[in-house]
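# Survey of secondary and tertiary structure
So you can see what is in the structure, the chains are spelled out below.
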Amino acid sequence: MLKVCGITKIYPNLTVFRNINFSTERGNFGVFLGPSGCGKSTLFRVIAGIEGRDSGHIEWKGVKVSDLKDEAAIMLQKDLLLPWSTLLDNVLIPAKVLGKDLQRERNKAIGLLSRFGLSGFEDYFPYQVSGGMRQRAALVRTLLFDREILLLDEPLSALDALTRRLLQKEILRIQLEFEKTVLMITHDIKEALLLADRIFLLSHLPTGIIKEIDMRDMPKPRQSLGPKLAAMEEEIFSILRGELVDA
Amino acid sequence: MHRKAPFLLITSILVIWELLVRLLDVPKFILPPPSIVLQTTLLQAPLLAGHALVTALEIGLGLCLSLAISLPLSIVMFKHPSIDAALTPFLVASQAIPVFAVAPLLVVWFGYGLLSKIVMATIVIFFPLTVSTYSGFKQVDPDLEIVFDLLDAPFRKKMRLLYWPAALPSFFSGLKVAVAVATIGAVLGEWVGAQRGLGYLMIQMNARLRTDMLFAALVWLSLMGMGLWLLVSRLEKRFLFWLNTKE
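I will try to describe carefully the structure that is included in this document. Numbers given to residues run from 1 along each chain, matching the order in which its sequence is written. Here the convention is simple: chains get letters from A, ligands get numbers from 1, in the order in which they are written. Note on the predicted model: pLDDT of at least 70 is required for a residue's local features to be given, and 80 or more for side-chain atom pairs to be given and counted; whole-chain, interface and lining totals, by contrast, use all residues. With hydrogens and water set aside, each side-chain value is computed from the structure's full complement of heavy atoms.

### Observations concerning the overall build of chain B
In DSSP terms, a helix is any run of H or I states spanning at least four residues, a strand is any run of E spanning at least two, and both are numbered starting from the N terminus. Across its full length, chain B carries ten helices and zero strands. In chain B, the succession of helices and strands from N to C terminus is α-α-α-α-α-α-α-α-α-α. For every residue, the accessible area obtained with a 1.4 Å probe (protein chains only) is divided by the maximum for its type, and the residue is called buried under 20%, exposed over 50%, and partly exposed between those limits. Residue burial in chain B is summarised as follows: out of 247 residues, 43% are buried. Contacts are assigned to residue pairs that have any heavy atoms within 4.5 Å of one another. Here the analysis covers contacts within chain B between residues at least 6 apart in sequence; of these, 73% occur between residues at least 24 apart. Throughout, the Shrake-Rupley method with a 1.4 Å probe supplies accessible areas, and for residues the shown protein chains are the sole cover considered. Of the accessible surface of chain B, which amounts to about 13,600 Å², a share of 73% is contributed by carbon and sulfur atoms. Taking the average place of the 19 positive charges on the side chains of chain B and the average place of its 13 negative ones, the gap between the two points comes to 8 Å. As used throughout, the charge tally considers Lys and Arg to be positive and Asp and Glu to be negative, leaving His and the chain termini uncounted. Lysine's charge is taken at NZ, arginine's at CZ, aspartate's at CG and glutamate's at CD.

Given below as structure tokens:
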């Protein structure tokens, strides 16, 4: 169980969010859905320990932790690949930094790259491959962090619709095959409905969770929006529309 | 067309120069025509090469010494902002002191041999090198640091994998300025007091009104400067292959 309790972040002139509470089971997929510019990214950065917070605490597996720095890997809309390193070297950054056995990690990385459709591209540089391939590499790198929690901040927003659908499947694979606990930010309602075990709807600044939708009873993978999901899409949109008008 | 432009320009300047000198009957010791300069440059090549070698050695060793000072210095300044704050005023002030004024002192301290010229060249070079490398470190995309921060990467590893490669473009532009001004430092040192070197040769020939030799020395000096520049440009292309290929 991942529990986030009463997290607050205040900048000098701006309350980004106050008293955020949510929890999700281990191995589940939580999706945060909200209008852009609503402080979702800051929420992730605070949880990940990249930025400080003003109050609140986090529990992971029943133990209080200061942040998820040692538990989580993060992936952003930007691929965050080093432009001067090959895809393989990029994927191996965690191994290099943590001083792991490089030969073993190398084999592991090559295996994972090929499982995510990058076989033969190990020695390509980021500028030589497409945006979708770069995000696949970034995804493989988050796996090689060897962390149980993945924080995905709009990982697919910069991709075209087709690539996006393919990568949604890959992200789902990561949750199910690799047994990761995933938290993802998106502003695509359909994406949320296809992937999520729980959806948290967020308000405009100061950000708060206005509604939580439990989707655990719907089996995955969900191929497309059936009548039930389509109705939910409308419902979610009408809730979020209120936030957009405020914005 | 762009490749031919410099040759066209230099040829037309030389032709005009030659014509003017001959038409106006300017004495050779005031301004020798390019044809005579070229003649001297080639005929006196053995003599010139001997002196050029000394100057080249001074520049080369000056560059090595500057690198040995600038790189550690910029890394220390980047790692410790307090050291940066303490040193910056002195670094800037050091550049306000004209090297011409210090040159005689350096000869007194370090003698008529190579060392005083190497120190002279170093004084001229280390500043652009330090500043450019340091600002290269500071321009690193903070998002890229997230990957390393999540891994709690020690500074040493961040430097090797992230900061140093990211600073390379800036480092190389500093190095280009450095090699362009390095000649000034070495020649200036030779003017003040030396037994060999192109600068020394120029002073000697100036005293004997051998203006053609003076120009020949300048030609060799320029060729050396251009050679160094080309070498650095080569290295730059080789190491920054990932830079000019952005989408």
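Anyway, onward from the coordinates.
### A word on the environment of B:Phe241
By the secondary structure assignment, B:Phe241 is in the segment after α10 (211–239). Once the C-alpha coordinates of B:Phe241 and B:Thr122 are considered, the two residues, 119 residues apart in sequence, prove to be 29 Å apart. In contact with B:Phe241, other than residues within four places in its own chain, are A:Trp84, A:Phe125 and A:Tyr127.

### A word on the nonpolar core
Buried Ala, Val, Leu, Ile, Met, Phe, Trp, Tyr and Cys residues that are joined via side-chain atoms within 4.5 Å together make up what is termed a nonpolar core. Counting 130 residues, the largest nonpolar core has A:Phe32, A:Leu68, A:Ile199, A:Ile236 and B:Phe148 as its most contacted members. Ranked by residue count, the leading element in this core is helix α8 (residues 155–192) of chain B, at 14 residues. In this structure, B:Val99, B:Ala103, B:Val119 and B:Met120 belong to the second largest nonpolar core, which totals seven residues.

### Section: the interface of chain B and chain A
Taken together, the contact pairs 21 residues of chain B with 27 residues of chain A. For the pair chain B and chain A, the two sides together bury roughly 2,200 Å², of which 73% comes from carbon and sulfur. Here a salt bridge means any side-chain nitrogen of Lys or Arg lying within 4 Å of a carboxyl oxygen belonging to Asp or Glu. For A:Lys78, the salt bridge is made with B:Asp143, and the minimal N-O distance between the two is 2.9 Å. Any N or O atom pair separated by 3.5 Å or less is treated as a polar contact, with the protein-specific requirement of one donor-capable and one acceptor-capable atom, and with residues adjacent in sequence counted only for side-chain atom pairs. Linking chain B to chain A there are six residue pairs in polar contact (both at pLDDT 80 or more). Elements with a contribution of two residues or more to the side of chain B that touches chain A: α7 (142–150) and α8 of chain B. By residue number, the principal contributor to the side of chain B that touches chain A is α7(B), which donates seven residues. Only Asp, Glu, Lys and Arg are considered charged in this grouping, and only Ala, Val, Leu, Ile, Met, Phe, Trp, Tyr, Cys and Pro are considered nonpolar; every other residue, Gly among them, is considered polar. In terms of residue class, the side of chain B that touches chain A is built from 14 nonpolar, one polar and six charged. Accessible area that two parts lose when put together, evaluated with a 1.4 Å probe and summed over both, is termed the buried area.

### Points about the pairing of strand β9 (residues 198–202) of chain A
Residues and elements named next belong to chain A. For β9, the tally of buried residues reaches five of five residues, placing the bulk of the element in the interior. Judged by which residues are buried, β9 turns out to be covered on both faces: Arg 198, Phe 200 and Leu 202 on one side and Ile 199 and Leu 201 on the other are all buried. When DSSP locates at least two bridges between a pair of strands, those strands are taken to pair. Bridge count between β9 and strand β10 (residues 209–214): five bridges; the pairing is antiparallel. Following the sheet pairing, Phe 200 is matched in β10 by Glu 212. Once β9 ends, the chain turns through six residues before running back antiparallel as β10.

### Considering the side chain of B:Thr183
Tracing the backbone shows B:Thr183 in helix α8. Not counting chain neighbours up to four residues away, the residues in contact with B:Thr183 comprise B:Ile59 and B:Leu221.

### Examining the packing of aromatic side chains
The description of two aromatic rings rests on the distance between their centres and on the angle between their planes. Classification of ring pairs uses Phe, Tyr and Trp, with its six-membered ring standing for Trp, and accepts pairs whose centres are within 6.5 Å; under 30 degrees between planes counts as stacked, over 60 as edge-to-face, and the remaining range as tilted. Inspection of the entire model under this criterion finds 17 aromatic pairs over all chains. Ring geometry for A:Phe125 versus B:Phe241: centroids 4.7 Å apart, planes at 70 degrees, classification edge-to-face. Highlighted residues: A:Phe125 in the loop between α4 (102–115) and α5 (131–144) and B:Phe241 in the segment after α10, drawn from two different chains. The exposure class of A:Phe125 is buried, given its relative accessible area of 18%. You can call B:Phe241 partly exposed: its relative accessible area is 31%. Linked through ring pairs, A:Phe22, A:Phe32, A:Phe44 and A:Phe200 together constitute an aromatic cluster. For the cation-ring pair, A:Arg173 lies above A:Phe116, with the distance from its terminal atom to the ring centre recorded as 4.6 Å. Here, a charge over a ring is recorded when the distance from Lys NZ or Arg CZ to the ring centre is within 6 Å and its angle to the ring normal is within 35 degrees. Above the face of the B:Phe239 ring, B:Arg238 is positioned so that its terminal group lies 5.2 Å from the ring centre.

### Quick look at the sheet that holds strand β2 (residues 14–24) of chain A
Hydrogen bonds between backbone groups are what pair the strands of a sheet, and the pairing can be parallel or antiparallel. Residues and elements named next belong to chain A. Read from one edge to the other, the open sheet built from four strands follows the order β2-β1-β4-β5, with strand pairing classed as antiparallel. Strands at the two margins of the open sheet, each flanked by one partner only, are β2 and β5 (63–65). Geometrically, the sheet is characterised by an average inter-axis angle of 25 degrees between neighbouring strands, direction not taken into account. Pairing of strand β4 (residues 55–60) with β5, which is carried by three bridges, proceeds in the antiparallel orientation. By the bridge assignment for β5, Trp 60 is matched with Val 63. Orientation is described by axes fitted as lines to C-alpha atoms, over the contacting stretch for helices, and by angles from 0 to 180 degrees between their N-to-C directions.

By themselves, these figures tell us nothing about what the structure is for.
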